[in-house]
Amino acid sequence: MITKYEGDGVDPPTQAVHPKVLARFTEALKEVHPRIDHAVARMVRDHDLRQDILQHVDIALYHHIKRDEGFREPMIAWAFVVAKNKMISEFRRLAPEVAAGELPEGRPLFRAPHEGDPAAGIAFFELLRAVQAAIAHPRQYAVWEMTHVGQLTGVEIARSLGVSAATVSRDLNRAMRKASKIAV
């Protein structure tokens, strides 16, 4: 019987989670998880993929809290970016021909995502790219995306971007006018 780690190429067992880290993580999950779940559910209709993305966000959140780095922006904004990046990565992995910019023949640019159809998710991101091109202003697009896709509040967006709530409101109004010109 081996009583200590002998360096056989296997990582030694990790210590139990510190109670303070566990408490902060539990509180963070209460704040972030339901809102991220709602945002992901709006874009991903595949239950398994949705759960994978949520688990990825939860794990990233845990590691971030464990490293005790703090959050420069609201935690929900940070989690939204993690979820969005994971969704894009998964859609590209599941439908590489669509990720390359070639929608399968006969598919419309946008339609609601359906269960098990990764191309529909890519089509959703194509619509987001069209909105981004129409808005043509990085901060205005970020405000629009965080509002309509991530469902963040104006105050959360303002803290995330380092601007005032009034600036967020003006940027959102300008972005909405520009985005409304897109034909879906």
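Residues numbered from 1 in each chain as written. Predicted model: local features only at pLDDT ≥ 70, side-chain atom pairs only at ≥ 80, totals over all residues. Heavy atoms only, no water.

### Some points on the environment of Ile-65
Convention followed: Numbering of helices and strands starts at the N terminus; helices are DSSP runs of H or I of at least 4 residues and strands are runs of E of at least 2. Three labels apply to residues, based on accessible area from a 1.4 Å probe with only protein chains included: buried if under 20% of the type maximum, exposed if over 50%, partly exposed otherwise in between. In this description, contact between two residues means that some pair of their heavy atoms is separated by no more than 4.5 Å.
Mapped onto the elements of the fold, Ile-65 is located in helix α2 (residues 47–66). In this structure Ile-65 comes out as buried when scored by relative accessible area, which is 7%. Other than its neighbours up to four places away in sequence, Ile-65 contacts Val-21, Arg-24, Phe-25, Ala-28 and Phe-71.

### A short note on the packing of aromatic side chains
Our working definition: Side-chain rings of Phe, Tyr and Trp, where Trp is taken by its six-membered ring, are said to pair if the distance between their centres is within 6.5 Å; with planes under 30 degrees apart they count as stacked, over 60 as edge-to-face, and otherwise as tilted.
The final tally for this structure, using the stated rule, is two aromatic pairs. Between the aromatic rings of Phe-25 and Tyr-62, the centroid separation amounts to 5.3 Å while the plane-to-plane angle is 80 degrees, which identifies the pairing as edge-to-face. Taken together, the residues span a long stretch of sequence, with Phe-25 in helix α1 (residues 19–43) and Tyr-62 in helix α2 at a distance of 37 residues. Taking the relative accessible area as the measure of exposure, Tyr-62 reaches 17% and is therefore buried. A centroid spacing of 6.1 Å and a plane angle of 25 degrees characterise the contact between Tyr-141 and Trp-144, whose relative ring orientation is stacked. In this pair, Tyr-141 and Trp-144 both sit in helix α6 (residues 138–148), three residues apart, roughly one turn of the helix.

### Some words on the nonpolar core
Inside soluble globular proteins, nonpolar side chains tend to come together where they are buried. This is how it is decided: Buried Ala, Val, Leu, Ile, Met, Phe, Trp, Tyr and Cys residues that are joined via side-chain atoms within 4.5 Å together make up what is termed a nonpolar core.
Ile-36, Val-40, Val-44, Leu-61 and Trp-144 are the most contacted members of the largest nonpolar core, which totals 41 residues. If you list the elements that add at least two residues to this core, you get α1, α2, α3 (75–94), α5 (118–135), α6, α7 (154–161) and α8 (165–179). With ten residues, α3 is the single largest residue contributor to this core. Not counting residues within four places of it along the chain, the set of residues in contact with Ile-36 comprises Leu-54, Val-57, Ile-76, Ala-79, Phe-80 and Ala-83.

From the geometry alone we can't say anything about function, so treat these as descriptive.
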